[in-house]
Amino acid sequence: MSAATAINPDSVSGPIGRPPLVPLATLIGRELREETSDTPIVKYEYYNYAKRGEDLVLIKPDCLRVPNDPSTSFSVFGVFDGHNGVSAAVYSKEHLLDHVMSAVPEGISREEWLQTLPRALVAGFVKCDIDFQRRGEVSGTTATLVVIDGLTVTVASVGDSRCILVTPGGELSLLTVDHRLDDNEDEVNRVRASGGEVGRLNICGGQEVGPLRCWPGGLCLSRSIGDMDVGEFIVPVPHVKQVKLPSTGGRLIIASDGIWDAMKSDVAVKSCRGLFTKEAARTIVKNALRTSGLKDDTTCLVVDVITTVRNVTAGAELSLPSPKKAQKLKALFFGKRSHSMGDEGKAGRASRSVGSVEELFEEGSAMLEERLPSRASSDPFRCAICQVQQSPTEDLLMDSDTEKSQNQLDGPFLCTDCRKKKDAMEGKNRPPKPPKNR
């Protein structure tokens, strides 16, 4: 249904005309044509312009938790911005969702699924990183994965691709956290505590230039999938945020840093107000290129969650919603106002009234003990990351130390390989630094 569209470079250099706004009645009719379900409708399109060809998009609108059971449907969208090659982005696009779903227990209810999903996303991201690094390739990628189930939206991300949400009332929420060292002091401290060095490039005379980077490797990000040549302190543990949309739906804008380096979130929202998903994604990309030029791959995915209900009869014209509902839907696409970047945190904590976003979950710690289910609350001998079942005998052999065994009982159970990965990420396996000469 969606396809990437290359921009004509000649059209980028000249003035870019804003497509005409669409009348409300026409907009509603086109978005909902041929739809008869009362459940939210998901419309989506993406647009990109490639310089290196390392941006990839994942679109899976018709997933099922239980095979052949439409009541368990959900949609998944993702943006992967690769670096040092496209291999990590390709692998993540093809396997990340499978790793996430393998961490979801079978036979659970929808409520349990939504409660389990944040932890499953953490396990899936880490497992994807472990498996990709076993291939011995040095590529890396950001990953922003969005799961939509009804009005519940769950977003997991590493790196600096971003997902923003705008509601019919003009409420703007940032659903991701940028893992750029220049923008995140907590991540700088974590990397240093785990054994990495953080600094800028030094040129002749000791002058420092450019953004903060991790050394060795020189990566500007503190979290990613892959990047085995940089160091285990670059972790794949995602920031996860789960929200419930208002009953009037909302619009998600998921994009790589080629967009966000050129415009702020509120500018992106305003630039696509009144436009269908295809034209909205196209307009955001073209405006970003007009502002900054083609410095990087530039990708934007726009997803509308539409909740307007209509009555359909054969040959009948589209019946418009009530004036009150029409006003709310109009606000979604034309908007009354939007929050500035400084207000995004406040927007996410807005009151739980109709028309506002309800925060259900948010966690960004890089410590796996805080992100995965404890051994006591899950299968005590199934690895919380790779889901490998281990016998109690093997566990006792691995944990001959009594104190270590007790710690393992208190936290998530991890197999040998996943435990080594966890320890490496936390800097526990690094060799001691040689003493300085006096």
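Residues numbered from 1 in each chain as written. Predicted model: local features only at pLDDT ≥ 70, side-chain atom pairs only at ≥ 80, totals over all residues. Heavy atoms only, no water.

In spatial order, the strands read β1-β14-β13-β7-β8; together these five strands make up an open sheet with antiparallel pairing. Pairing within the sheet leaves two strands with one partner each, and these edge strands are β1 (41-49) and β8 (172-174). Adjacent strand axes in the sheet meet at a mean angle of 15°, parallel and antiparallel pairs treated alike. Pairing analysis gives six bridges linking strand β13 (residues 250-255) to strand β14 (residues 298-306), with the strands arranged antiparallel. Considered in β14, the bridge of Gly250 is made with Val305. (Pairing = 2+ DSSP bridges. Helix = DSSP H or I, 4+ residues; strand = E, 2+ residues; numbered from the N terminus. Axes fitted to C-alpha atoms, helices over the stretch in contact; angles between N-to-C directions.)

As a further point, take the confidence of the model for the chain. Per-residue confidence for the chain gives a mean pLDDT of 80; residues scoring 70 or more make up 73%. When pLDDT is averaged over each helix and strand of the chain, the minimum, 37, is found for helix α10 (residues 344-348) and the maximum, 98, for strand β5 (residues 143-149). Throughout residues 1-16 the model reports pLDDT below 50, and contacts reaching past four residues in sequence, or to other chains, amount to 30 contacts. Low confidence marks residues 309-354, where pLDDT is under 50. Its contacts with residues over four positions away, or in another chain, come to 82 contacts. (pLDDT = per-residue confidence, 0-100. Contact = heavy atoms within 4.5 Å.)

This part takes up the pairing of strand β3 (residues 73-83). Across the 11 residues of β3, 10 count as buried, placing the element largely inside the fold. With eight bridges joining them, strand β2 (residues 55-64) and β3 adopt antiparallel strand pairing. Looking across to β3, one finds that Cys63 is bridged to Phe74. Bridge analysis of β3 against β5 gives five bridges, and the strand direction is antiparallel. Directly across from Ser75, in β5, lies its bridge partner Ile148. Where β3 lies against strand β4 (residues 140-141), two bridges are found, and the strand directions are antiparallel. Paired with His83 across the bridge in β4 is Gly140. (Buried < 20%, exposed > 50% of the residue type's maximum accessible area, 1.4 Å probe, protein only.)

To continue, consider the packing of helix α3 (residues 87-102) against helix α4 (residues 110-133). Across the interface, α3 lies against α4 with an axial gap of 8 Å and an inter-helix angle of 140°. Compared by their axis directions, α3 and α4 come out oblique. When you trace α3 past α4, the crossing you get is right-handed. Side by side, α3 and α4 meet where Ser87, Ala88, Tyr91, Ser92, Leu96, His99, Val100 and Met101 of the first sit next to Trp113, Leu117, Ala120, Leu121, Gly124, Phe125, Lys127, Cys128, Asp131 and Phe132 of the second. Among the residues making up the contact of α3 with α4, the classes are represented as 12 nonpolar, four polar and two charged. (Parallel < 35°, antiparallel > 145°, perpendicular 65-115°, else oblique. Left-handed = near helix turned anticlockwise from the far one by under 90°. Nonpolar A, V, L, I, M, F, W, Y, C, P; charged D, E, K, R; others polar.)

Now for helix α8 (residues 277-292). Between its first and last C-alpha, α8 extends 23 Å over 16 residues, near the 22 Å set by a 1.5 Å rise per residue. Within α8 the residues assigned to the buried category are Thr277, Ala280, Ala281, Thr283, Ile284, Val285, Lys286, Asn287, Ala288 and Leu289. Just past α8, the residue Gly293 takes up positive phi, approximately 75°. (Expected span 1.5 Å × (residues − 1).)

On to the packing of aromatic side chains. Counted according to the given criterion, the structure contains four aromatic pairs. Each ring, one from Phe74 and one from Trp113, has its centre 5.0 Å from the other, and the planes form 45°; the classification is tilted. You can see Phe74 sitting in strand β3 and its partner Trp113 sitting in helix α4, a full 39 residues away along the chain. An identical accessibility class is assigned to Phe74 and Trp113; each is buried. A centroid spacing of 5.7 Å and a plane angle of 45° characterise the contact between Tyr91 and Phe132, whose relative ring orientation is tilted. Taken together, the positions of Tyr91 in helix α3 and Phe132 in helix α4 put the pair 41 residues apart, joining distant regions of the chain. (Phe/Tyr/Trp six-rings, centres within 6.5 Å; stacked < 30°, edge-to-face > 60°.)

In this structure, the amide linkage connecting Trp215 to the following residue, Pro216, adopts the cis form with an omega of 5°. Here Pro216 is to be found in the loop between β10 (208-215) and β11 (225-226). The phi torsion at Asp227 lies on the positive side, around 55°, for a residue other than glycine. With respect to the element layout, Asp227 can be found in the loop between β11 and β12 (239-244).

A few words on the environment of Asp379. Turning to its location among the elements, Asp379 is positioned in the loop between β15 (358-363) and α11 (392-398). It is 8.6 Å that separates the C-alpha atoms of Asp379 and Phe413, two residues lying 34 residues apart in sequence.

On to the pattern of salt bridges. Summed over all chains, the structure comprises 23 salt bridges. Between Arg134 and Asp417 there is a salt bridge, with the nearest N and O atoms lying 3.3 Å from each other. In this pair, Arg134 sits in the loop between α4 and β4 while Asp417 sits in helix α13 (residues 416-425), placing the two residues 283 residues apart along the sequence. Here Arg134 falls in the exposed class, since its relative accessible area comes to 55%. (Salt bridge = Lys/Arg side-chain N within 4 Å of Asp/Glu carboxyl O.)

Grouped together as the largest cluster of nonpolar side chains are 47 residues, with contacts concentrated most on Phe125, Leu145 and Ile385. The set of elements that each furnish at least two residues to this core consists of β2, β3, α3, α4, β5, β6 (152-158) and α13. Broken down by element, this core gets its largest block of residues, 12 residues, from α4. Setting aside residues up to four positions removed in sequence, Ile385 forms contacts with Ala123, Val126, Lys127, Ile130, Leu368, Leu372, Leu414 and Cys418. Membership of the second largest hydrophobic core comes to 23 residues, among which are Ala262, Ala268, Ile284 and Leu289. (Core = buried A, V, L, I, M, F, W, Y, C linked by side-chain atoms within 4.5 Å.)

Let us look at the pairing of strand β9 (residues 197-202). With five bridges joining them, β9 and β10 adopt antiparallel strand pairing. Along β10, the bridge assignment pairs Leu201 with Val209.

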